[in-house]
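Residues per chain, in single letters:
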Amino acid sequence: MSVFAHPEFDNHERVVFVRDAESGLKAIVAVHDTSLGPALGGCRFWTYASDDEALTDVLRLSRGMTYKSALAGLPLGGGKSVVIGDARALRAEPARAEALFRALGRAVEQLGGLYTAAEDVGTSVADLELVGRETRHVAGVARGQVGDPSPYTAYGVFRGLQAAVRHKLGRSDLEGLRVAVQGLGHVGQGLCEHLAEAGAKLIVADLDGERVAALVERFGAEAGDPAAILAADCDVVAPCALGAVLNDDSIAALRAPVVAGAANNQLAEPRHGELLRRKGVLYAPDYLVNAGGIIVIAYEAGRRGPRFERAQAMAHIDRIHDTALEIFARAEREGIATSLAADRLAEERFRRPGRARAA
Ligand SMILES: NC(=O)c1ccc[n+]([C@@H]2O[C@H](COP(=O)([O-])OP(=O)(O)OC[C@H]3O[C@@H](n4cnc5c(N)ncnc54)[C@H](O)[C@@H]3O)[C@@H](O)[C@H]2O)c1
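Procedures and definitions
- Here the residue index of a chain counts from 1 through its sequence in written order.
- Where local features are concerned, this predicted model is filtered to residues with pLDDT of at least 70; where side-chain atom pairs are given and counted, the filter is 80 or more; whole-chain, interface and lining totals use all residues.
- Heavy atoms throughout the structure, all of them, feed into the side-chain values; hydrogens and water do not.
- UniProt positions are given in the numbering used here, feature names are shortened, and annotations may be inferred rather than shown by experiment.
- To obtain an axis, a line is fitted to C-alpha atoms, over the contacting stretch when the element is a helix, and the angle between two such axes runs from 0 to 180 degrees between their N-to-C directions.
- Going along the chain from the N terminus, every DSSP run of H or I of four or more residues is numbered as a helix, and every run of E of two or more is numbered as a strand.
- Take the far helix as your reference; a near helix turned counterclockwise from it by less than a right angle gives a left-handed crossing, and one turned clockwise gives a right-handed crossing.
- In what follows, residue pairs with any heavy atoms lying within 4.5 Å of each other are defined as contacts.
- For this classification, the nonpolar set comprises Ala, Val, Leu, Ile, Met, Phe, Trp, Tyr, Cys and Pro, the charged set comprises Asp, Glu, Lys and Arg, and every other residue, Gly included, is treated as polar.
- We call a residue near a molecule or strand whenever a single non-hydrogen atom of that residue lies within 4 Å of it.
- Each polar contact in these results corresponds to two N or O atoms within 3.5 Å; when the atoms are within protein, one needs to be able to donate a hydrogen and the other to accept it, and residues that are neighboring in sequence are counted only if both atoms are side-chain atoms.
- Accessibility throughout is a Shrake-Rupley quantity obtained with a 1.4 Å probe, and a residue counts as covered only by protein chains that appear here.
- Type-normalised accessible area, obtained with a 1.4 Å probe on protein chains alone, sets the label of each residue: buried when under 20%, exposed when over 50%, and partly exposed for intermediate values.
- Where each domain starts and ends follows an automatic or database-derived domain assignment.
- Note: buried area is the sum, over both parts, of the accessible area (probe 1.4 Å) each one loses when the two are combined.
- For a helix, the expected span equals 1.5 Å multiplied by the number of residues minus one.
- Any pair of Phe, Tyr and Trp rings, taking the six-membered ring for Trp, is counted once the centres come within 6.5 Å. Such a pair is stacked with planes under 30 degrees apart, edge-to-face with planes over 60 apart, and tilted for the rest.
- Should DSSP find at least two bridges between two strands, the strands are taken to pair.
- Side-chain atoms within 4.5 Å are what join buried Ala, Val, Leu, Ile, Met, Phe, Trp, Tyr and Cys residues into a set we call a nonpolar core.

In the nomenclature of an unreviewed UniProt entry, the protein chain corresponds to Leucine dehydrogenase from the organism Tistlia consotensis USBA 355. Under the UniProt heading Sequence similarities (unreviewed entry), the entry covering the protein chain gives this text: "Belongs to the Glu/Leu/Phe/Val dehydrogenases family."

Dropping the structure here:
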């Protein structure tokens, strides 16, 4: 397994392999770039089929965090950690789980603040609290007062969606606009609340019928077919479930002129950004509009001041709207996909010439 020659290696500043034989911990921590500040990113616990698969994931995800924080205007770099194993089996052995997360905490501590761990797929606030017994470099734990970041993510998606509607449809309000939401989880439900309040008409789909029924009842939403929701006859499609949903087939079937949703990595491949542009669909880059969660974590107590200042965090999330407009205008000016315009803007921020590297 090569690291420096790995296809996903992008001059990452640190890649640390962590092993604790007693608890069985096998983890990789990757710090991609700290030119804007210390790296912040989730800790993913996953049953990777191989070490190489875990390495690929951590290299890619940590790089993504650099772009996300840069675009969100945060003084943070990008990092991520992955734990290789079966989180469910571990939870059946609480003593071993504690030993494992504490061992991870010691590894994070050894990085001296270069990387701060947060919750991600497969880890919970309780796990992060165990990590936090060994290091103060953990975010999103109860003592930070923020709680679940999803409502903040939902608000940021809403602001990005408003910007996309303004740019593409020339409208400053959402009254009567038809919005199809795929996925009614933590973020999707929050987004529906904002949309309903703004007077939008909702078409909703989820694999969980109860979630659909609840929103039909609450907001008079129309129940959509989960298999065809992306092709709904509407003004905006909001993917809030899985990644890689925008592919050759789904783009060909799209009827909405705008795509703006929370799901991570919506483009199956980077070229799909260009495919959307050619079709005349305005795509609000996912990592721009779903940054509300990372923004609020950056405002957690102790990071910018002694208390969690919710109003300041919300004002920062509001800026997603204007950054989106800037990206849409640039994409149009340069004749490029909005996804590429977002990448370029982020890169200009964290690769500014003359900026000293932190490590
Ligand atoms: N929670 C956050 O703060 C946050 C931040 C950034 C990005 N995201 C991304 O946003 C997305 C949603 O996050 P979440 O926290 O709401 O997740 P969640 O697990 O709470 O909700 C996902 C929902 O999608 C539904 N779903 C899954 N497959 C589906 C399908 N094929 N069709 C329709 N519905 C389907 C699930 O039943 C579930 O209700 C994810 O991609 C996540 O990575 C979330």
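Colleague: When you look at the packing of helix α5 (residues 150-169) against helix α12 (residues 310-334) in this model, what are you seeing that I'm missing?
Modeller: Packed helices, taken two at a time, are described by the angle their axes make and the gap between the axes. For the pair α5 and α12, the least separation of the axes is 9 Å and the interaxial angle reads 35°. Considering the relative orientation of α5 and α12, their crossing is right-handed. Residues Tyr 152, Tyr 155, Gly 156, Arg 159, Gly 160, Gln 162, Ala 163, Ala 164, Arg 166 and His 167 of α5 touch α12, and the partners they reach there are Arg 310, Met 314, Ile 317, Asp 318, Ile 320, His 321, Ala 324, Leu 325, Phe 328, Ala 329 and Glu 332. Considering only residue class, the contact of α5 with α12 consists of 11 nonpolar, 5 polar and 5 charged.

Colleague: Please explain the site of the ligand as it appears in this structure.
Modeller: Inspection of the region around the ligand gives 19 residues, with Thr 153, His 186, Val 187, Asp 206 and Arg 211 positioned closest. Contact distances for the ligand include 2.9 Å between an oxygen atom and a backbone N or O atom of Ala 241. A distance of 3.3 Å is found between an oxygen atom of the ligand and a backbone nitrogen or oxygen belonging to Ala 262. Burial of the ligand by the surrounding chains reaches 73%, relative to a free accessible area of 840 Å². Those elements that provide at least two residues to the shell around the ligand are α5 and α6 (186-197). By residue class, the composition of the shell around the ligand is 9 nonpolar, 8 polar and 2 charged.

Colleague: What should I look at first to understand the side chain of Gln 162 in this one?
Modeller: Note on placement: Gln 162 falls in helix α5. Relative accessible area serves as the criterion here: at 19%, Gln 162 is assigned to the buried category. Within the structure, Gln 162 has its side chain in polar contact with the side chain of Arg 159 (distance 2.4 Å). Ignoring any residue separated from it by four or fewer positions in sequence, one finds Gln 162 in contact with Leu 174 and His 321.

Colleague: Even after reading the chapter, I still don't get the domain arrangement of the protein chain, so can you show me in this structure?
Modeller: The figure often quoted for interface size is the accessible area lost as the parts come together. For the protein chain, the assigned domains are domain 1 (14-144) and domain 2 (150-349). Computed from C-alpha atoms alone, the centre-to-centre distance between domain 1 and domain 2 is 26 Å. With 20 residues of domain 1 at the interface, the matching set in domain 2 holds 25 residues. Each partner contributes to the roughly 1700 Å² buried at the junction of domain 1 and domain 2, and carbon and sulfur atoms together form 65% of this total.

Colleague: What is the right way to read helix α3 (residues 94-110) from this model?
Modeller: Given 3.6 residues to a turn, an α-helix orients residues that are three or four positions apart in the same direction. Helix length check: α3 (17 residues) gives 24 Å between terminal C-alpha atoms against 24 Å at 1.5 Å per residue, within 8%. All buried positions along α3 are accounted for by Ala 97, Leu 100, Phe 101, Ala 103, Leu 104, Gly 105, Ala 107 and Val 108. A positive phi of about 60° marks Gly 112, the residue just after α3.

Colleague: Help me understand the packing of aromatic side chains, please; the structure alone is not making it clear to me.
Modeller: Both the distance between ring centres and the angle between the ring planes are used here to describe each pair of aromatic rings. By the definition in use, this model includes 5 aromatic pairs. Relative to Phe 9, the ring of Phe 4 has its centre 5.4 Å away and its plane inclined at 80°; by these criteria the two rings are edge-to-face. The class for Phe 4 is exposed, based on a relative accessible area of 71%. Taken together, a centroid distance of 6.0 Å and an interplanar angle of 65° make the contact between Phe 45 and Phe 101 edge-to-face.

Colleague: How should the sheet that holds strand β10 (residues 258-259) be read in this particular structure?
Modeller: Across a sheet, paired strands are connected by hydrogen bonds in the backbone, their directions being either parallel or antiparallel. Strand order in the open sheet formed by 6 strands is β8-β7-β6-β9-β10-β11, and the pairing between neighbours is parallel. Two strands bound the open sheet, and with one partner strand each, they are β8 (222-223) and β11 (282-283). Relative to β11, β10 runs parallel, the two sharing 2 bridges. Looking at β11, one finds that Val 258 is bridged to Leu 282. Its contacts with the sheet place helix α7 (residues 209-219) against β7 (201-205) and β8, and it is angled at close to 165° to β7.

Colleague: Just checking my understanding: could you explain the sheet that holds strand β4 (residues 77-84) for this structure?
Modeller: Judged by pairing direction, the sheet is mixed, and its 5 strands sit side by side in the order β1-β2-β4-β3-β5 without closing on themselves. Sheet topology places β1 (14-20) and β5 (115-118) at the edges, where each strand pairs with a single neighbour. Between one strand axis and the next, the sheet turns through 25° on average, direction left out of account. In the packing of helix α1 (residues 51-71) onto the sheet, the strands contacted are β1, β2 (25-33), β3 (39-46) and β4, and the crossing angle to β4 comes to about 155°.

Colleague: What's the story with the nonpolar core in this structure? I'm lost.
Modeller: Counting residues in hydrophobic clusters, the biggest one holds 69 residues, and the most contacted among them are Val 181, Leu 195 and Val 204. A total of 9 residues in this core trace back to one element, the largest contributor, which is α5. Taken together, domain 1 (14-144) and domain 2 (150-349) each give at least three residues to this core, which thus spans both. Apart from the residues lying within four places of it in its own chain, the contact partners of Leu 195 are Phe 158, Leu 161, Leu 174, Val 179, Val 181, Ala 200 and Leu 202. Formed by 27 residues, the second largest nonpolar core is a distinct cluster that contains Ala 39, Cys 43, Phe 101 and Leu 130.

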